[in-house]
Every structure is written in C-alpha cells, then in structure tokens.
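In case you want the letters, here they are:
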Amino acid sequence: MTDSFVAPPQTDRPVRARLAPSPTGALHLGNARSFLLAWLSARQQGGEVYLRIEDIDSPRVKPESVRQTIEDLRWLGLDWDQSDLQRDEEPTLQSGRMPRFLEVLEELIQAGRLYVCRCSRKDVAEAASAPHDTALPALEGDVYPGTCRDACLKPELLEKYAWRWKFADAKMHWTDRLRGLQQANPARQLGDYVIAKFQNGVLVPAYQLAVVVDDYDQGITEVVRGDDLISSTYRQLAILKHLNWAPPNYIHVPLVIGPDSRRLAKRHGDTRLAFFREAGIRAESIVGYLAHSIGLIDQRADVTAQELVGELDWEKVSTEPTVFEFEREYPGLN
Ligand SMILES: [Zn+2]
C-alpha cells in the first residue's frame, strides 16, 4: 500500500470562510452553532465570509425556506461580505451553477477518474454485507464493494446510472485544525462514491462535487462544519488533489445531540431558531448558550456574536458532542 500524501492547505491566501446552509429544514441549535463558529473564526482573523445556499440535493427548495434561513442567520447576528444573493435578496442557488459543475465532471470523466455504475441501492447494501476487511473498518454506512469498477460500462442515456469516483487503494492523510491528523484508506473504508447521477433524463452532480467546485471558485480558505462530514473530506480532498486545487483548512466541530445520544431532531423538542424567536427568547440568549456549550465562555451569559469575536480559541473548543436538554436550558418552554 502506498501512502498518498495530501498537500497541506495554502496559508498565504486571505482568509475567507463560508456559511453554507442547505435550506431544506430550518436552522436549529446544532447547525446554528457550526455557523457561529465558522463566522467567528473568519472575523477574528480579519477574514471575509461568503454566504452560499446549498440546494444541490434538493433543487425544489421553496423560496420561503431560503428566506427563513437567511433571516435566522441575521437574527443570530451573523453577516457576510459576499453571497449568492442578488439585489432583490433572491439567492442564486447552487443548483443554478450546474453548467460549471458539469464542466468539471466532464474533465474528471476524460481523465479516467470516474466509472459508470448501474448498481441499485439494494445491490450495494447486499454486496456490502458480505464479509470484508475487518482491519480497516468502514468510516460510515455501506462500503461500495466496487462491483462495476472494472466492468467498463458505457453511460446509456435511457438507463439509470451513476458516475463513481475511483479511489486509489492507498492511505490518505490530512490535518483537521481541531482534531489533528486524520488518516484512512478511503478505497477500503468508504468505497468509491457517487459523484453524479443520471436521473429523469438529466445528469445531476452530487453534493461532493458541487461543494469542491464552489469552495474553489469562491476562494474559500477555511471550512468549519459539523463532524458528521469528516468522511466526506476524504472524498473532497481526492477531487481537489486530482485537479491540483489548493485545499481549504478543515475544522470539524462536534454536533449538538439529544439526551438519547442521537442527532438533534424533532423528537427532542422544537430547537429551530424560529421557535425560540417566536417564543420571545432573545438572540443573545441563544448565542450565549451556543458559546458556553462549546467552551468559548466559562459562564452561561447573554452575549452577541459580535462580542465573541476574539474569544474563539480552537485549543479550548471541545471535540465531544453537546447534549441539549430542553428542560435544563429553557425550562417550561417546549
Ligand atoms: Zn455498480
């Protein structure tokens, strides 16, 4: 097994972070905290913030949900220097950048980095359940076993198929600003992944490709996001490395979870920012809770996002998930 080295990110570019909400659900405490950290990190380095609306996986997003998301971010006290917003505040959605994504996809196809896969979801699940290498455990979900990898299938316009990225069978490593050295063999621990899908007569690039192209085109130098995306970083770095594009700094922050240790969801009560706002809770209270919950301030206090600029020290930020209990934090509210 050879060691594929991923170059360290360039640090000589001006700092630019992004807030990249997907407007499929309202902002809740968990993603709000990741956005707050992304914004704080950029601002205290004197950097810029870019607002991007990530709707690639859900192109039929309603304009109201986009507006709601923007309103939530502003209520929290976050601002941005550039965005996908036009003058009338209607965002140019990520789905509007399809031609650019398809251009990069074509480049990857021509370079032989992708192959056609006709496996159904069920095929993948069945094949993945067969015994495999236990020394290299799966990083998430089912590992695609490479059924179509050497089949040299041609894309057929009338059929359902996907383009998959072909990982080299090699260890990859990179450094997370918060978690340190990360290493894995993505070919074995993640499996080749879908980078575009042909469905309903059109080729649709996957989030993994769109995010890489957007980060590059928008000059993003720092990506702060939930640690559920750590394994995606291997996928994105593989594309970046092939294109010879400088990777951003990655910082994966812990999630907010419910008392049952599961990711925050409806069953844990209504944790949407809009709910708190409508219930008369001030933004300073929420920002204070978020900052305290991740170790930015020692005592729970009402504070604005702006007042926290300068308080973010990654050495002090916890890597453990935060348990949110409604009755403890906001008794009687939900
Ligand atoms: Zn396949």
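In the block above lies the structure referred to throughout.
**So, the overall build of the chain**
And then number 1: Secondary structure assignment for the chain yields 10 helices and 14 strands.
And then number 2: For the chain, whose C-alpha radius of gyration is 21 Å, the value lies close to the compact-globule estimate of 20 Å for 334 residues.
And then number 3: Seen along its three principal axes, the alpha-carbon backbone of the chain occupies a region of about 60 × 50 × 45 Å.
And then number 4: Evaluated residue by residue, the chain yields a buried proportion of 49% over its 334 residues.
And then number 5: Contacts in the chain between residues far apart in sequence, at least 24 positions, make up 77% of those at least 6 positions apart.
And then number 6: Summing over all exposed atoms, the chain offers an accessible surface of approximately 16,100 Å²; the carbon and sulfur share of this is 49%.
And then number 7: When the 40 positive and 49 negative side-chain charges of the chain are each reduced to one mean point, those points stand 4 Å apart.

**Points about the state of the cysteines**
And then number 1: A full pass over the atoms with the stated rule returns zero disulfides.
And then number 2: Free cysteine: Cys152, not disulfide-bonded; nearest cysteine sulfur from Cys148 at 11 Å.
And then number 3: For Cys152, a relative accessible area of 63% puts it in the exposed group.

**Things to note about the nonpolar core**
And then number 1: In terms of nonpolar packing, the biggest core is built from 49 residues, with Leu19, Leu29, Leu78, Phe276, Ile286, Trp314 and Phe324 touching the most fellow members.
And then number 2: Among the secondary structure elements, those contributing two or more residues to this core are strand S2 (16–19), helix H1 (29–44), strand S3 (48–51), helix H2 (63–76), strand S12 (249–253), helix H8 (273–278) and helix H9 (283–293).
And then number 3: What Leu29 contacts, discounting residues up to four positions off in sequence, is Val256, Leu264, Thr271, Leu273, Phe276, Ile286, Tyr289, Leu290 and Phe324.

**Examining the coordination of the zinc ion**
And then number 1: Around the zinc ion, the protein contributes the donor atoms Cys117 (SG), Cys119 (SG), Tyr144 (OH) and Cys148 (SG), at 2.2 to 2.3 Å from the metal centre.
And then number 2: For the zinc ion, the four donor atoms in the first shell make angles of 99 to 120° at the metal, a pattern classed as tetrahedral.
And then number 3: Sequence spacing of the donor residues for the zinc ion, all on one chain, is C-x1-C-x24-Y-x3-C. Highlighted residues: Cys117 in strand S5 (residues 114–117) and Tyr144 in the loop between helix H4 (121–128) and strand S6 (161–165), separated in sequence by 27 residues. Taken as a pair, Cys117 and Tyr144 share a single burial class, namely buried.

**Focus on the packing of aromatic side chains**
And then number 1: Counted under the stated rule, the structure contains 12 aromatic pairs.
And then number 2: Plain terms: the ring middles of Phe167 and Tyr193 are 5.6 Å apart, the flat faces sit at 50° to each other, and that makes the pair tilted. Of this pair, Phe167 sits in the loop between S6 and strand S7 (170–176) while Tyr193 sits in the loop between helix H5 (186–189) and strand S9 (194–199), and the two are 26 residues apart along the sequence. Tyr193 carries the same exposure label as Phe167, and that label is buried.
And then number 3: Ring centres of Phe276 and Phe326 lie 5.7 Å apart, and the angle between their planes is 15°; this geometry places the pair in the stacked category.

**Concerning the pattern of salt bridges**
And then number 1: Applying the stated criterion to the full structure yields 28 salt bridges.
And then number 2: Close ionic contact of Glu54 with Arg52 constitutes a salt bridge, the shortest N to O distance being 2.9 Å.
And then number 3: Among the residues examined, Arg52 registers a relative accessible area of 0% and is labelled buried.
And then number 4: Here Arg328 ties to Glu329 by a salt bridge, and the two come within 3.1 Å at their closest N and O atoms.
And then number 5: The network of salt bridges with shared partners includes Arg18, Arg52, Glu54, Arg97, Arg100, Glu103, Asp214, Asp215 and Asp217.

What counts, and where the lines are drawn
- Residues numbered from 1 in each chain as written.
- Predicted model: local features only at pLDDT ≥ 70, side-chain atom pairs only at ≥ 80, totals over all residues.
- Heavy atoms only, no water.
- Helix = DSSP H or I, 4+ residues; strand = E, 2+ residues; numbered from the N terminus.
- Rg over C-alpha atoms; globule rule 2.2 N^0.38 Å.
- Buried < 20%, exposed > 50% of the residue type's maximum accessible area, 1.4 Å probe, protein only.
- Contact = heavy atoms within 4.5 Å.
- Areas by Shrake-Rupley, 256 points an atom, 1.4 Å probe, with all protein chains shown as cover.
- Lys, Arg positive; Asp, Glu negative; His and termini not counted.
- Charge placed at Lys NZ, Arg CZ, Asp CG, Glu CD.
- Disulfide = S-S within 2.5 Å.
- Core = buried A, V, L, I, M, F, W, Y, C linked by side-chain atoms within 4.5 Å.
- Donors = N, O, S within 2.8 Å, 3.2 Å for Na, K, Ca; no water.
- Tetrahedral: all angles 85-135°; square planar, octahedral: opposite > 155°, others 65-115°.
- Phe/Tyr/Trp six-rings, centres within 6.5 Å; stacked < 30°, edge-to-face > 60°.
- Salt bridge = Lys/Arg side-chain N within 4 Å of Asp/Glu carboxyl O.

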